[in-house]
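Results of the structural survey
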Amino acid sequence: MRAAPAPTRPPAAADGDLCAYESDEQRWRAVRERDDAADGRFYYAVTTTGIYNRPSCAARLARRENVEFHASLEELHTRGYRPCRRCQPGEPEPNRLQAAIVARSCLLMNTAVAPPNLDDLAQSAGYSRFHFHRMFKSLTGLTPHAYWTAVRAQRVREELIRARTVSDAIYQSGFTTTGQFYAVSSSILGMTPQEYRAGGAGLEIHSAMGATDAEPVLVAMTGTGVCAVLEGPEHAARARLAELFPYAVRRADDRGFEARLAHALARPAAEYPVDALLPRDVRRVCRHERIRRLLRIHLDPASASGPAPAPGKETALHVS
């Protein structure tokens, strides 16, 4: 079994730096990283659009030379800037309250080893079953059960790399039987668990960068299905793909797959956008799951390298 690649994380900020947004350099870093802790400490405005945002807003990052920082809403209103309709700066209720409730429920599911009971989640949130279900989906684009299955899928992908055996990985991830896992393994891994643990040995993986309104995303597929969704700059995403599947034949120059992926991502992702007020890790889980679901519907893995679709009007996938 191959050794698990060491996780790459940005260096943790010292405690005294968490609320330090005094300089423009610190503020710009908070905007680049969509730092939730910076919300309310300052706002940023984009001079070319006339719109101001929270630091954590998931809108596409503006160019630094077009960004101004302001300490108060009064300053922004005086200069004629309009609030972002997405992150709704200055309007904490009811969206912030609902986002906090959904975030708490997601935190519970992040560590759950069994499917969530909708009645229990709703009761702990103080809502009826129907109201909670509707609120959760309106903020995340997923049902509570779909969110938990996405968390479990991510967990099994991680466990397959570090667990002693495939069975250990399956049970440690929250699956109750091997049959339950193998019924959905292709959609989770895009290959068999043995191939996944072997670094994709003997497989051909097509990958291409796609555009979302959050971050660039690298999508990788085998003839079975999606095997990776990785966010970030292309060089970093491709380096992570190589760490995951060092023994696969990785094809990054397939224009046919690139065009088909762009065509698929240009379709509406879901009826509801992921709310920008949710924690970053929750947004990432939802975004990746929605991309995977979108591709299962609109991109046939068997024809990933087939001819491109007819040209048409394509826009970025709204998944953030």
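Scroll up a little and you will see the structure.
Report on the accompanying structure. Computed from a predicted structure; not experimentally measured. Once a new chain begins, its residue numbering starts again from 1 and follows that chain's sequence as written. The model is predicted, so local features are restricted to residues of pLDDT at least 70 and side-chain atom pairs to those at 80 or more, both for listing and for counting; the totals for chains, interfaces and linings are taken over all residues. Just so you know, side-chain values use all the structure's heavy atoms and leave hydrogens and water out.

**Observations concerning the packing of aromatic side chains**
Stated formally: Any two rings among Phe, Tyr and Trp, with Trp reduced to its six-membered ring, count as a pair given centres within 6.5 Å; such a pair is stacked if its planes are under 30 degrees apart, edge-to-face if over 60, and tilted if neither. To qualify as a helix, a DSSP run of H or I must reach at least 4 residues; to qualify as a strand, a run of E must reach at least 2; elements of each kind are numbered from the N terminus. When a residue's accessible area, from a 1.4 Å probe over protein chains only, is under 20% of the maximum for its type it is buried; when over 50% it is exposed; and in between it is partly exposed. Either the NZ atom of lysine or the CZ atom of arginine qualifies as a charge over a ring when it sits within 6 Å of the ring centre and within 35 degrees of the ring normal.
As enumerated under the stated definition, the model contains eight aromatic pairs in all. Ring geometry for Tyr21 against Phe42: centres 5.9 Å apart, planes inclined by 50°, an arrangement best described as tilted. Of the two residues, Tyr21 sits in the segment before α1 (24-32) while Phe42 sits in the loop between α1 and β1 (43-46), which places them 21 residues apart along the sequence. This pair shows no difference in class: Tyr21 is buried, exactly as Phe42 is. Ring centres of Phe175 and Phe181 lie 5.2 Å apart, and the angle between their planes is 75°; on these two criteria the pair is classed as edge-to-face. Each member of the pair, Phe175 as well as Phe181, carries the same accessibility label: buried. Each member of the aromatic cluster is reached from another via a ring pair, and the members are Tyr21, Phe42 and Phe69. Seen from the ring of Trp28, Arg64 lies directly overhead, with NZ or CZ sitting 5.5 Å from the centre. Its guanidinium or amino end placed over the ring of Phe175, Arg152 lies 3.9 Å from that ring's centre, counting from NZ or CZ.

**Focus: the pattern of salt bridges**
The line we're drawing: The term salt bridge refers to a side-chain nitrogen of Lys or Arg lying within 4 Å of a carboxyl oxygen of Asp or Glu.
This model, assessed by the stated rule, comprises twelve salt bridges. For the salt bridge of Arg162 with Glu158, the shortest nitrogen-to-oxygen distance reads 3.9 Å. Here Arg162 pairs with Glu158, and both are found in helix α6 (residues 144-162), just four residues apart, close to one helical turn. For Glu158, a relative accessible area of 34% translates into the label partly exposed. Residue Arg293 is joined to Glu289 by a salt bridge in which the shortest nitrogen-to-oxygen separation is 2.7 Å.

**Quick notes on the sheet that holds strand β7 (residues 226-231)**
Put simply, the test is: For two strands to be treated as a pair, DSSP must find at least two bridges joining them. All axes are obtained by fitting lines to C-alpha atoms, using only the stretch in contact for helices, and the reported angles, taken between N-to-C directions, cover 0 to 180 degrees. Whether two residues are in contact is decided by their heavy atoms: any pair within 4.5 Å suffices.
Sheet architecture is open: four strands sit in the order β7-β6-β5-β8, paired in mixed fashion. Strands at the two margins of the open sheet, each flanked by one partner only, are β7 and β8 (249-251). The sheet shows a mean angle of 20° between the axes of neighbouring strands, direction not considered. Where strand β6 (residues 217-221) meets β7, five bridges bridge the pair, whose relative direction is antiparallel. Bridge pairing in β7 places Leu218 opposite Leu230. Lying over the sheet, helix α11 (residues 234-244) contacts β5 (204-210), β6, β7 and β8, oriented at roughly 145° with respect to β7. Its contacts with the sheet place helix α12 (residues 255-265) against β5 and β6, and it is angled at close to 50° to β5.

**A word on the nonpolar core**
We apply this condition: Residue types Ala, Val, Leu, Ile, Met, Phe, Trp, Tyr and Cys, when buried and joined through side-chain atoms within 4.5 Å, form a set referred to as a nonpolar core.
The biggest cluster of nonpolar side chains holds 26 residues, and the ones touching the most others in it are Met191, Tyr196 and Phe245. At the level of secondary structure, the elements contributing two or more residues to this core comprise α6, α7 (166-172), α9 (185-189), β6, β7 and α11. For this core, the element with the most residues is α6, which contributes four residues. In this structure, Met191 is in contact with Ser185, Ser186, Tyr196, Leu203, Ile205, Thr222, Thr224, Cys227 and Phe245, ignoring residues within four places of it in sequence. If you look at the next biggest cluster of nonpolar residues, it comprises 24 residues, including Ala125, Met135, Leu142 and Val151.

**Some remarks on the environment of Ala248**
Relative to the helices and strands, Ala248 is located in the loop between α11 and β8. Looking at Ala248, the relative accessible area reads 10%, which means it is buried. Spatially, the C-alpha atoms of Ala248 and Thr222 are 10.0 Å apart, while their sequence positions differ by 26 residues. Excluding residues within four positions of it along the chain, Ala248 makes contact with Gly199, Gly200, Ala201, Leu203 and Ile205.

**Structural notes on α11**
Going by this rule: The directions from the helix axis to the C-beta atoms are what the arc is built from.
Among all positions of α11, only Ala237, Leu241 and Leu244 are buried. Buried residues along α11 cover an arc of 60° about the axis, so they all sit on one side. Contact partners of the buried residues in α11: α6, α10 (193-197), β5, β6, β7 and β8.

**Quick notes on the sheet that holds β1**
Across a sheet, paired strands are connected by hydrogen bonds in the backbone, their directions being either parallel or antiparallel. If you trace the four strands from one edge of the open sheet to the other, you get β3-β1-β2-β4, paired in mixed fashion. A strand with exactly one partner marks an edge of an open sheet, and here the two such strands are β3 (67-70) and β4 (82-83). Sheet topology note: the strand β2 (residues 51-53)/β4 ladder contains two bridges and is parallel. Paired with Ile51 across the strands is Arg82, a residue of β4. The strands touched by α1 are β1 and β3; relative to β3, the strand with the most contacts, the crossing angle is about 110°.

**Some details on the pairing of β5**
By the criterion of burial, β5 is predominantly enclosed, with five of the seven residues buried. Relative to β8, β5 runs parallel, the two being bridged by three bridges. What sits directly across from Glu204, in β8, is Val249. Sheet topology places β5 next to β6; five bridges connect them, and they run antiparallel.

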